[in-house]
Amino acid sequence: MDTGILDREFKALVDAHPRAMMLATQEPRIVYVNRAFQQVTGYDADTVVGEKPSVLSSGYHGRDFYRSMWRQLSTENRWEGLVWNQRSNGEIYPQWLTIYGVEVNESQCYVGTFMDVGDLAAMDEKLASLAYYDVLTRLPNRHLFQAFLESRTGQQDHSPAHFSVLYLDLDFFKEVNDLHGHAKGDELLVQVAQRLHSVLRKGDVLARLSGDEFAAIIEVDSMAGTEAFCERILNAFKEPFVVNDEPHYISLSIGASLFPLHADEDRSLLEKADQAMYSAKRMGRFRYQIFNPDINRKLLYEETIGQYLSRSIVESHHEFSVVYQPHYMLESGEVTGLEALVRWHHPVLGPVPPSDFIPIAEKRGWIAELTTVVLQNIQVHLKESTFRLPMGIRLAINVSARHMLDDGFVSEITRMRRYTDQLNWELELEITETSLVHFNDQLSLKLASLQEQGIRIAIDDFGTGYSSLAYLQSLPVNVLKIDRSFVARLNQQQADITLVRAILAMAHALNLEVVAEGVENEPQRLILCQLDCKHGQGFLFAKPQRWSEQLFHALDMDQ
Ligand code: C2E
Ligand code: CA
Ligand code: CA
């Protein structure tokens, strides 16, 4: 077609238009391009006129994509959407393309107008009003971002494309806003957007999803590349932001998902990046996390348990119960004590193992309430027992080191003492070795004062922490419970007795009693006896069980 059909005035008009424009025939062949076209694409008119419009294509979109574009053009005479095209220098960039049909000299033609949406400088048209841009930062908003993502993931057949989606969330931004006011908060957001933009490369897409949440599509093709990119962003945030000559340090947490490794669909890619960002927050903030289904499942499970646990601890004490596992003399099978162990049966979750919910209760500060419920259960058992209780054994209760430092702790224990004193039982508190490492000075004073009142202190799961001999010596402790992982090594053919022997030697030197946990079979019991370990507990003798007379029955070791 002859472009002579365009008269001079009309050409001048089209050339001055700020958007790139291209006229093509139905064939399709390019017949005219304006000046903005040449600026955005890098192609001059001589090169592209007479060519197919596909010279511009990036290869990101498959045949289906173009087929549906043409279908819509033929029925509605108009198509609009995001297209990734390629400049003459090979650079791939996203453009917002509008195509519509026009009749020129009685033949059907198409006009394509577009702009480079990744280029902030091209934003001279107040596109914000199109509801696709965020007014404050001038970045694409959530809608536009979704359109970007959709057009990148959808309809690819020979996809060369690997890319990553980042979900970026500022840490403690609410506090910044509350502390300094919204005007400063806004200014900071603008600077954050600029800084993020400066780390990105041409062709990458950055958007503001809402408040202090940003997202990006970055052109990297590997896990390592994504990690390196996240590092670069984190590094960029080590420098302060300056507002009114004052420096502000802002950090952010990043989650990333990779296409097509983690998902090949736009929505779930963003969702996974979001979940990964959440893990990054949970792991301490100012860090990145690549999506990992295992971490996510764990966090999700913890979250579910946390939600239910908070309610049950406040409202549904009946869901908790206490079972007991006796300790025995390893030689004679005589019962020397009972360890109380909590059980939680939730109406929806069913029975939840204590190893799943105790750490959550500790972390979220509910362990004191939980221990109170445990103590109440025990007191009911002791008070309402329908059988005669033996005298002179021990009652061991698991407590959290953190809870011991609470003001109310001693009075709760004193109340418990009234019950055990009546039976002439000794009260023993078990604290895990790992929790001791964190709270030394204060705790050791507390332990000493409890010990002065006649309460015995046991270190639970001994061997799993890093207590040194000197440290143990300084702690007021009566009992070491050897962790069951050491006992488990005793029944192999070449039993690994070195560690248990060393622990026993150390304990004897410090005048500590030793209880072996998790004794599951006879060979283990025999080795422990040979090593002069006096006390044991484990499935060989009894599993944790409900309160009953059975708990106090001695076992016959000669059978
Ligand atoms: P723990 O204090 O070391 O309790 C012993 C755990 O080992 C119990 O698990 C018990 O069922 C299990 N066990 C006993 N004998 C054997 C054996 O021969 N083989 C094996 N494989 N396991 C054995 P449980 O009841 O699931 O409790 C897990 C942990 O949860 C406890 O470890 C303790 O740290 C914590 N816990 C339980 N009840 C309470 C509680 O009332 N308060 C606090 N703070 N923690 C508790
Ligand atoms: Ca224990
Ligand atoms: Ca233990």
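Residues numbered from 1 in each chain as written. Chains lettered and ligands numbered in written order. Predicted model: local features only at pLDDT ≥ 70, side-chain atom pairs only at ≥ 80, totals over all residues. Heavy atoms only, no water.

**Let's talk about the coordination of the calcium ion (ligand 2)**
Moving on, step 1. Every protein donor of the calcium ion (ligand 2) is accounted for by Glu-339 (OE), Asn-398 (OD1), Glu-430 (OE) and Asp-460 (OD), and the metal-donor separations fall at 2.1 to 2.3 Å.
Moving on, step 2. Look at where the donors of the calcium ion (ligand 2) fall in the sequence and you get E-x58-N-x31-E-x29-D.
Moving on, step 3. Taken as a pair, the calcium ion (ligand 2) and the calcium ion (ligand 3) show a spacing of 4.1 Å, with Asp-460 coordinating each metal. In this pair, Glu-339 is assigned in strand E14 (residues 335-346) and Asn-398 in strand E16 (residues 394-398), connecting sequence segments 59 residues apart. (Donors = N, O, S within 2.8 Å, 3.2 Å for Na, K, Ca; no water. Helix = DSSP H or I, 4+ residues; strand = E, 2+ residues; numbered from the N terminus.)

**A word on the side chain of Thr-371**
Moving on, step 1. Checked against the element boundaries, Thr-371 lands in helix H12 (residues 367-383).
Moving on, step 2. Owing to a relative accessible area of 6%, Thr-371 belongs among the buried residues under this scheme.
Moving on, step 3. Discounting chain neighbours no more than four positions away, the residues touching Thr-371 are Val-399 and His-403. (Buried < 20%, exposed > 50% of the residue type's maximum accessible area, 1.4 Å probe, protein only. Contact = heavy atoms within 4.5 Å.)

**Topic: the environment of Pro-53**
Moving on, step 1. Examined against the element boundaries, Pro-53 turns out to sit in the loop between helix H3 (45-48) and helix H4 (63-76).
Moving on, step 2. Between the C-alpha atoms of Pro-53 and Leu-23, which are 30 residues apart in sequence, the distance is 9.6 Å.
Moving on, step 3. Setting aside residues up to four positions removed in sequence, Pro-53 forms contacts with Met-22, Ala-24, Pro-28, Arg-29 and Ile-30.

**Regarding the site of ligand 1**
Moving on, step 1. The immediate surroundings of ligand 1 are formed by 19 residues, with Arg-343, Asp-460, Arg-484, Glu-520 and Phe-539 found nearest.
Moving on, step 2. Measuring from an oxygen atom of ligand 1, one finds a side-chain N or O atom of Glu-339 at 3.2 Å.
Moving on, step 3. One of the side-chain N or O atoms of Glu-517 is found 3.3 Å from an oxygen atom in ligand 1.
Moving on, step 4. Protein chains bury 84% of the 800 Å² of accessible surface belonging to ligand 1 in isolation.
Moving on, step 5. Every element with two or more residues in the shell around ligand 1 is listed here: E14, helix H11 (354-363) and strand E18 (456-462).
Moving on, step 6. Ranked by residue count, the leading element in the shell around ligand 1 is E14, at 4 residues.
Moving on, step 7. Within the shell around ligand 1, the residues separate by chemical class into 8 nonpolar, 4 polar and 7 charged. (Near = heavy atom within 4 Å. Polar contact = N/O pair within 3.5 Å; in protein donor to acceptor, adjacent residues only side chain to side chain. Areas by Shrake-Rupley, 256 points an atom, 1.4 Å probe, with all protein chains shown as cover. Nonpolar A, V, L, I, M, F, W, Y, C, P; charged D, E, K, R; others polar.)

**A closer look at unusual backbone geometry**
Moving on, step 1. Put simply, Glu-27 and Pro-28 share a cis peptide bond, and its omega is 5°.
Moving on, step 2. Here the bond from Phe-259 into Pro-260 is cis, since omega is 0°, no more than 30 degrees from zero.
Moving on, step 3. Here Pro-260 shows up in the loop between strand E11 (252-259) and helix H9 (266-282).
Moving on, step 4. If you check the backbone angles, Arg-285 has positive phi at about 70° while not being a glycine.
Moving on, step 5. Its location among the elements puts Arg-285 in the loop between H9 and strand E12 (288-290).
Moving on, step 6. On the accessibility criterion, Arg-285 (32% relative accessible area) is partly exposed.
Moving on, step 7. Located in the positive-phi region is Asn-424, a residue other than glycine, with phi close to 65°.
Moving on, step 8. One can find Asn-424 in the loop between helix H14 (409-423) and strand E17 (426-432).

**Some remarks on the packing of helix H7 (residues 182-199) against helix H8 (residues 223-236)**
Moving on, step 1. At a minimum axis distance of 10 Å, the contact between H7 and H8 shows a crossing angle of 140°. Classed by the angle they form, the pair H7 and H8 counts as oblique. Judged by the sense of rotation from one axis to the other, the crossing of H7 with H8 is right-handed. Each of Arg-195, Leu-196 and Val-199 in H7 lies in contact with H8, whose residues at this interface are Phe-229, Arg-232, Ile-233 and Ala-236.
Moving on, step 2. Of the residues contributing to the contact of H7 with H8, the split by class is 5 nonpolar, no polar and 2 charged. (Axes fitted to C-alpha atoms, helices over the stretch in contact; angles between N-to-C directions. Parallel < 35°, antiparallel > 145°, perpendicular 65-115°, else oblique. Left-handed = near helix turned anticlockwise from the far one by under 90°.)

**Side note on the domain arrangement of the protein**
Reports of interface size often rely on the accessible area that becomes lost once the parts have come together.
Moving on, step 1. Along its sequence, the protein is organised into domain 1 (3-128), domain 2 (133-291) and domain 3 (302-552).
Moving on, step 2. For domain 2 and domain 3, the distance between their C-alpha centres works out to 47 Å. (Domains from an automatic or database assignment.)

**Overview of the nonpolar core**
Moving on, step 1. Counting residues in hydrophobic clusters, the biggest one holds 78 residues, and the most contacted among them are Ile-378, Trp-425, Leu-429 and Trp-547.
Moving on, step 2. At 7 residues, the largest contribution of residues to this core is made by H12.
Moving on, step 3. If near-sequence neighbours (up to four positions away) are discounted, Ile-378 is found in contact with Val-322, Tyr-324, Ala-340, Leu-395, Ile-397 and Met-416. (Core = buried A, V, L, I, M, F, W, Y, C linked by side-chain atoms within 4.5 Å.)

**Comments concerning the pattern of salt bridges**
Moving on, step 1. Taken as a whole and assessed by the stated rule, the structure comprises 27 salt bridges.
Moving on, step 2. Put simply, Asp-171 and Lys-281 hold a salt bridge, and the shortest N to O gap is 2.8 Å. Separated by 110 residues along the polypeptide, Asp-171 in the loop between strand E6 (163-170) and helix H6 (173-180) and Lys-281 in helix H9 bring together distant segments of the chain. The same class applies to Asp-171 as to Lys-281, namely buried.
Moving on, step 3. Arg-394 is the salt-bridge partner of Glu-426, the closest N and O atoms lying 3.6 Å from each other. Here Glu-426, found in strand E17, pairs with Arg-394, found in strand E16; they are 32 residues apart in sequence, far enough to count as distant.
Moving on, step 4. The exposure class of Glu-426 is partly exposed, given its relative accessible area of 35%.
Moving on, step 5. Salt bridges linked by common partners bring Arg-282, Lys-298, Glu-302, Glu-303, Lys-363 and Arg-364 together as one network. (Salt bridge = Lys/Arg side-chain N within 4 Å of Asp/Glu carboxyl O.)

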